[in-house]
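# Coordinate inspection notes
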Amino acid sequence: MNTNVQLFRKRHIPEECVLLKNDKILHLDKTSLVTSWNVLKPRSDFASGISFFDFEKHWKITRVAKADGSLYHWYCDIMKMHISEDNEKSTSTYLMEDLLIDIVIEADGSVHVLDLDEAAEAFEKGLISATDLTLALNAADALLRIIRNGKFADYQKIVEFYLNTPR
């Protein structure tokens, strides 16, 4: 693992690629990444978060917090991680490609699936491939099954471990 790590988030709708220069890496290995972050622009609804990326399952599970640190909601992005290494420069680049489908779990436990229309639009416009759309749908389905069978708490515990670890 290289010593200089850069994190990027790539979106298709709207089209953008952003360097996440203020995200703090709390954990990184070959299969996962945990970051903490604060909002870039002040908001009244939430202020910060801790995100757990499971590279193999294509999930980014985020505990989104209000300004006082209390839970706002859990936000789950379906993402594809692209990793490139430059051993000569000892750098690694992690590009998190947003595959558009999101799942939100509110503090009251209600679950919402978002942006299926954006995933369809991105496919129709050729912004994502059939392979990536299939990957996103399968990853979202797998995560919804985890949520329905009560196993999402296992992922919440991973994130909360870092919430309770001094930084």
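Before reading further, recall that the structure is shown in the block above.
The notes below deal with the structure included here. Throughout this description, residue numbers start from 1 for each chain and increase along the sequence as written. For this predicted model, a pLDDT threshold of at least 70 governs which residues receive local features, and a threshold of 80 or more governs which side-chain atom pairs are given and counted, while totals over whole chains, interfaces and linings are taken from all residues. Side-chain measures here rest on the full set of heavy atoms in the structure, leaving out hydrogens and waters.

## What about the packing of aromatic side chains?
- By convention, a stacked pair of Phe, Tyr or Trp rings (six-membered ring in the case of Trp) has centres within 6.5 Å and planes under 30 degrees apart, an edge-to-face pair has planes over 60 apart, and any other such pair is tilted. Taken as a whole, this structure holds 7 aromatic pairs when the rule is applied.
- Geometrically, the ring pair formed by Trp37 and Phe46 is edge-to-face, given 6.5 Å between the ring centres and 85° between the ring planes. The two residues Trp37 and Phe46 agree in class, both being buried.
- Residues Phe52 and Tyr155 carry aromatic rings whose centres are separated by 6.3 Å and whose planes lie at 40° to one another, so their mutual orientation is tilted. Of this pair, Phe52 sits in strand E5 (residues 48-54) while Tyr155 sits in helix H3 (residues 152-163); the two residues are 103 residues apart in sequence, bridging distant segments of the chain. For the pair Phe52 and Tyr155, a shared accessibility class is recorded, and that class is buried. Buried means the residue's accessible area, taken with a 1.4 Å probe over protein chains only, is under 20% of the maximum for its type, while exposed means over 50%, and partly exposed covers the values in between. Numbering of helices and strands runs from the N terminus; a helix is a DSSP stretch of H or I covering at least four residues, while a strand is a stretch of E covering at least two.

## Notes on the nonpolar core
- Among buried residues, the Ala, Val, Leu, Ile, Met, Phe, Trp, Tyr and Cys ones that are joined through side-chain atoms within 4.5 Å form a nonpolar core. Membership of the largest hydrophobic core comes to 28 residues, with the highest contact counts inside it found for Trp59, Ile61, Ile78, Ile103, Leu143, Ile147 and Phe152.
- Those elements that provide at least two residues to this core are E5, strand E6 (59-65), strand E7 (71-86), strand E8 (91-106), helix H1 (116-124), helix H2 (130-148) and H3.
- It is H2 that contributes the most residues to this core, 8 residues altogether.
- Here, two residues are considered to be in contact whenever any of their heavy atoms come within 4.5 Å of each other. Filtering out sequence-adjacent residues up to four positions away, Leu143 remains in contact with Trp59, Ile61, Cys76, Ile103 and Phe152.
- Membership of the second largest hydrophobic core comes to 9 residues, among which are Leu7, Leu33, Met81 and Tyr94.

## Considering the pairing of strand E3 (residues 24-28)
- A pair of strands is labelled paired if DSSP reports no fewer than 2 bridges between them. Sheet analysis places E3 next to strand E4 (residues 32-38), joined by 4 bridges and oriented antiparallel. Bridge assignment links Leu28 to a residue of E4, and that residue is Leu33.

## Comments concerning the side chain of Glu97
- Tracing the backbone through its elements, the reader meets Glu97 in strand E8.
- Lys and Arg are tallied as positive, Asp and Glu as negative. Neither His nor the chain termini are counted. In the sections that follow, a salt bridge refers to a side-chain nitrogen of Lys or Arg positioned within 4 Å of a carboxyl oxygen of Asp or Glu. It turns out Glu97 is buried and unbridged, and the closest side chain with the opposite charge, Lys80, is 4.7 Å from it.
- Looking at Glu97, its side chain comes within polar contact range of the side chain of His12, at 2.7 Å.
- With sequence-adjacent residues up to four places away left out, Glu97 is seen in contact with Lys10, His12, Ile78, Met79, Lys80, His82 and Asp132. In protein, a polar contact means a hydrogen-donor-capable atom and an acceptor-capable atom, both N or O and within 3.5 Å, with residues adjacent in sequence counting only if both atoms are side-chain atoms; elsewhere, any N or O pair within 3.5 Å suffices.

## Focus on the environment of Leu137
- Inspection of the secondary structure assignment puts Leu137 in helix H2.
- Overall, Leu137 belongs to the partly exposed group, its relative accessible area being 43%.
- When sequence neighbours within four positions are dropped, the list of residues in contact with Leu137 reads Ile101 and Leu116.

## So, the pairing of E6
- By the criterion of burial, E6 is predominantly enclosed, with 7 of the 7 residues buried.
- Because side chains alternate across E6, one face comprises the buried residues Trp59, Ile61, Arg63 and Ala65, and the other comprises Lys60, Thr62 and Val64, equally buried.
- Here E5 runs beside E6; their pairing, made up of 7 bridges, is antiparallel. Within E6, the residue paired with Gly49 across the bridge is Val64.
- Joining the antiparallel neighbours E5 and E6 is a turn of 4 residues, in which His58 adopts a positive phi near 65°.
- When E6 meets E7, the two strands line up antiparallel, connected through 7 bridges. Among the inter-strand pairings, Ile61 is bridged to a residue of E7, identified as Cys76.
- Connecting E6 to the antiparallel partner E7 that follows it, the hairpin turn spans 5 residues, and Gly69 within it adopts a positive phi of roughly 90°.

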